[in-house]
Structures are given as C-alpha cells and as structure tokens.
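Each chain, written out:
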Amino acid sequence: MLWTTDIDSHMLGVEELPKQENITIQVSQSLIKNLDKEYCPRRLYEQYILGKEGEATESMQKGILFEYYLNGSTGIHNKKPLEPVMKNGKRYVDYERIEQQARRVGSLLSQYDFCLDDQIYNVEISTMFEHPDMPQPIIVRGRIDQIATRKGKLCIIDYKLTKKIDSDHSLYSWKSPSTMNHTQAYMYMWLYMRNREINPNGTIPQFYYAVFEYDTKMDYEIIQVEWDATKIREIEYAIVNSYHKMLDEQGQGWPVRPAFYECLTCPIKNSCKQRKKIKDIKLV
Ligand code: SF4
C-alpha cells in the first residue's frame, strides 16, 4: 500500500516521516482498544506500523515482572526485567508480593482443575481476515498468555496483575467484571478458532482471566468469559472499523494529537516537541 503526504513533519516537531512507503495495517485487540479512546495518530503509526515499543509505566513494569516470574520470559525477552529497589538495597513490598502471587499460580489453578502440564506460554497467533468492506485481506493478531486445558477442554488463560482487585477508585473493577470490556477475550477465542494451523478442528476454546493483586490481601479472581456467537459480528465490525480509522489517519499523514496520558508512554516522546507534559484541567 502506498502512502504519500504533503505534511512537513519538522513543522510538527517530530521525527520526519518518509514521504512514501509501503505500509501494512495489522489489527490487534490492543489497537482496537486504543482507537476506541482518545489517541494520537502519530503514536499509533510509531507503535502499530513501525513496531516501536511504548515506554512502560510503573504498573506496566510490574505486569512485565509478574509475567517473568510466571514463566521465566516476558514474551519479548528472556532476561529478568529490572526491579527497582530501595536506597538501602531492600526490596519493595509490592515486588515481594508480585513474586509470591506468581509462585502460587500453578498450585492454585490446579485446584480449579486447570492442567498446565503441557505449558504453552506467550503464543503469538494470527489469522488472515477478509471482509467485503475492506479492499484486501488483512492480518489480525494477538498474543495469548497461556493455552491449557480444564476438565479436558481446551482453554486460554490471560493473566492480569492489579494493585487491588476491589478498587474503589475505578469505575471498572475485577470484582464486577460484567461492567468491563471483553473485546480481548472474544478476540482471542475468535483468533484461536480461526487458526487452522494450530487448531485444525476449529475448536472454540474456553477463556479465563486469572487476576492477581499485590495489595495486602493478596486476593485473586478466576473469571470465565463465555463464548457468545453473536460476538463474532461485533469483533469483525471492530476489526473493519479499526482498519478504516487507520486508513483515514494514514490519509491525513498521521497527525499528532497530544494528550497527557498518550504522551506519557509514547515511543517518540523525547523527540516530539508537541508532547503534552501537563494534564488538562478537569471540568465538572
Ligand atoms: S509525544 Fe504525544 S503528541 Fe507526540 S507523537 Fe507521542 S503521543 Fe503524539
């Protein structure tokens, strides 16, 4: 696909974009989620077209360490991510709890009849997707934390780490998962079902979140999201919609749209002069 633009990136104060290049738009659940909220198109270009990694926030870094303690890998690196320590060299209690929670995952899940013997972690899964509203097939991809079985049935487990499961500070809490958006769960079931290389029979897997907190209670929740065939149309609509949004942004030359939280973890925040360093005043 060719892309051209008249926009001079120097005027925007960010790295210059090549004037013309072949780009491929691939859709993932995280791109869909990003396009559903306030976003900066240039940031999406850097992350989802060029594949640059955003900067991890503290809570993201904790999640990466949790993942490392779970399976000795983070999906990207096999090296242990750096853990911050106190000035006296001691560990922060948060990190101790994160490690303890990760260490008990196997025995806890076995009490729920999950079989993790044939452990399959960090599975990159993709499918070619065609739709009459798109000019060409596109690749839809995702990274599944773990494929396992429960009572003999194939399942996907997605691990989540959170400070407090029963958070009073959030509209959305893992204590009431029905209020949350489960695009990721449906998308992963859909992806797995379609991928005939690893799933020749087209089996629909079960999907579970295994949520662990690192607050004093060290609580956890196991949540199953039930397959719902009516969601297929929603997933496919979201994919097509995301593809067209990306195409629109491409047509406009991936403009910058600064916003405090977007800029905070943007891969090019150090070179972008449009970066927003202060929060907006809230209106009530
Ligand atoms: S720093 Fe902010 S404005 Fe600049 S590209 Fe990144 S998200 Fe957009």
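For every chain, the first residue of the written sequence is number 1, and numbering continues from 1 onward in sequence order. Where totals are concerned, whole chains, interfaces and linings use all residues; where local detail is concerned, this predicted model gives features only for residues with pLDDT of at least 70, and gives and counts side-chain atom pairs only at 80 or more.

> Help me understand the overall build of the chain, please; the structure alone is not making it clear to me.
Only DSSP runs of H or I with at least four residues qualify as helices, and only runs of E with at least two residues qualify as strands; both kinds are numbered from the N terminus onward. When helices and strands are tallied, the chain shows eight helices and eight strands. Residues with at least 20 neighbouring C-beta atoms inside 10 Å of their own are called buried, those with 12 or fewer are called exposed, and the rest are partly exposed, where every C-beta is derived from the backbone. Classification of the 284 residues of the chain by burial places 25% in the buried group. At a minimum sequence separation of 6, the contacts of the chain that also span at least 24 residues come to 62%. For every residue pair, C-beta atoms are placed from the backbone, and the pair is scored as a contact if these atoms sit within 7 Å.

> Sorry if this is basic, but what is going on with the pairing of strand S7 (residues 206-213) here?
The two faces of the sheet receive side chains in turn, since in a regular strand these alternate between them. Here S7 lies mainly inside the structure; six of its eight residues are buried. When DSSP finds two or more bridges between a pair of strands, those strands are recorded as paired. Pairing of S7 with strand S8 (residues 220-225) involves six bridges; the strand directions are antiparallel. Within the sheet, the bridge partner assigned to valine 211 lies in S8 and is glutamate 221. Taken together, S7 and the strand that follows it, S8, pair antiparallel across an intervening segment of six residues, in which methionine 218 is found at a positive phi of about 50°.

> Mind showing me how you'd approach the site of the ligand here?
The C-beta atom of each residue is placed using the backbone, and any residue whose C-beta lies within 6 Å of a molecule or strand is treated as near it. Lining the immediate environment of the ligand, one finds 14 residues, of which Cys40, Pro258, Cys263, Cys266 and Cys272 sit closest. Secondary-structure elements contributing two or more residues to the shell around the ligand are helix H3 (41-49) and helix H8 (260-264). Looking at the shell around the ligand residue by residue, the class counts come to eight nonpolar, one polar and five charged. Polar here means any residue other than Ala, Val, Leu, Ile, Met, Phe, Trp, Tyr, Cys and Pro, which are nonpolar, and Asp, Glu, Lys and Arg, which are charged; Gly is therefore polar.

> Can you help me understand H3 in this one?
The periodicity of an α-helix, 3.6 residues per turn, causes residues three or four positions apart to be oriented the same way. When we look at burial in H3, the residues that qualify are Arg42, Arg43, Leu44, Tyr45, Glu46 and Tyr48. Contacts from the buried residues of H3 go to helix H2 (29-35), helix H7 (231-251) and H8. Residue glycine 51 follows H3 closely and has a positive phi angle near 80°.

> I'm lost on the packing of helix H4 (residues 58-71) against helix H5 (residues 93-111) in this one. Help?
Geometry of a packed helix pair, given as the angle between the helix axes and the separation of the axes. Here an axis means a line fitted to C-alpha atoms, over the contact stretch when the element is a helix, while the angle between two N-to-C directions is reported on a 0 to 180 degree scale. Closest axis-to-axis distance for the H4/H5 pair is 8 Å, and the angle between their directions is 40°. The crossing of H4 and H5 is right-handed. Here Lys62, Leu65, Phe66, Tyr69 and Leu70 of H4 come into contact with H5, specifically with Asp94, Tyr95, Ile98, Glu99, Ala102, Arg103 and Val105. Tallied by class, the residues present in the contact of H4 with H5 amount to eight nonpolar, no polar and four charged. Crossing handedness: left-handed means the near helix sits turned counterclockwise from the far one by under a right angle, and right-handed means the same turn made clockwise.

> Hey, could you run me through the pairing of strand S5 (residues 138-150) in this one?
Bridging between strand S3 (residues 27-28) and S5 involves two bridges; their strand directions are parallel. What sits directly across from serine 28, in S5, is arginine 141. Across five bridges, S5 lies against strand S6 (residues 153-162) in antiparallel orientation. Across the sheet, residue isoleucine 147 finds its bridge partner in S6, namely isoleucine 156. The turn linking S5 back onto S6 is made up of two residues, and lysine 151 within it adopts a positive phi angle of 50°.

> Sorry, what's going on with H7 here?
A helix is expected to reach a length of 1.5 Å times the quantity of its residues less one. If you check H7, its first and last C-alpha atoms are 30 Å apart, about what 21 residues at 1.5 Å a residue would give, namely 30 Å. If you check which residues of H7 are buried, you get Ala238, Ile239, Ser242, Tyr243, Met246, Glu249 and Gln250. For H7, the buried positions fall inside an angular range of 130° around the axis, keeping them on one side. When the buried face of H7 is taken as reference, the exposed residues oriented beyond 90 degrees from it are Arg233, Tyr237, Asp248 and Gly251. Positioned one or two residues after H7, glycine 253 has a phi angle of 80°, which is positive. The reported arc concerns the directions from the helix axis to the C-beta atoms and nothing else.

> In this structure, what is going on with the confidence of the model for the chain? I would like to understand it.
Low pLDDT marks regions whose predicted coordinates should not be analysed in detail. In predicted models, pLDDT denotes the confidence assigned by the predictor to each residue on a 0 to 100 scale. Taken as a whole, the chain shows an average pLDDT of 87; of its residues, 87% reach a score of 70 or greater. Across residues 1-11 the pLDDT falls below 50, and counting only partners more than four positions away or on other chains, this stretch makes 18 contacts in the model.

> How should the packing of helix H6 (residues 183-194) against H7 be read in this particular structure?
One can describe the packing of H6 onto H7 by two numbers: an axis separation of 10 Å at closest approach and a directional angle of 100°. On the basis of the axis angle, H6 is roughly perpendicular to H7. Side by side, H6 and H7 meet where Thr183, Tyr186, Met187 and Trp190 of the first sit next to Lys231, Ile232, Ile235 and Ala238 of the second. Considering only residue class, the contact of H6 with H7 consists of six nonpolar, one polar and one charged. Put simply, angles under 35 degrees are roughly parallel, angles over 145 are roughly antiparallel, angles from 65 to 115 are roughly perpendicular, and the rest are oblique.

> I'm lost on the environment of glutamate 234 in this one. Help?
Inspection of the secondary structure puts glutamate 234 in helix H7. The partly exposed category is assigned to glutamate 234, around which 14 C-beta atoms lie within 10 Å. For the pair glutamate 234 and tyrosine 186, spaced 48 residues apart in the sequence, the C-alpha separation amounts to 9.4 Å.

> What exactly am I supposed to notice about unusual backbone geometry here?
Excluding glycine, residues mostly carry a negative phi; peptide bonds, for their part, are mostly trans. Here aspartate 113, not a glycine, exhibits a phi torsion of approximately 70°, which is positive. As for its placement among the helices and strands, aspartate 113 is situated in the loop between H5 and strand S4 (114-129). Under the C-beta neighbour-count criterion, aspartate 113 is labelled exposed, with 11 such atoms within 10 Å. For methionine 218, which is not glycine, the phi torsion reads 50° and is therefore positive. Topologically, methionine 218 is positioned in the loop between S7 and S8.

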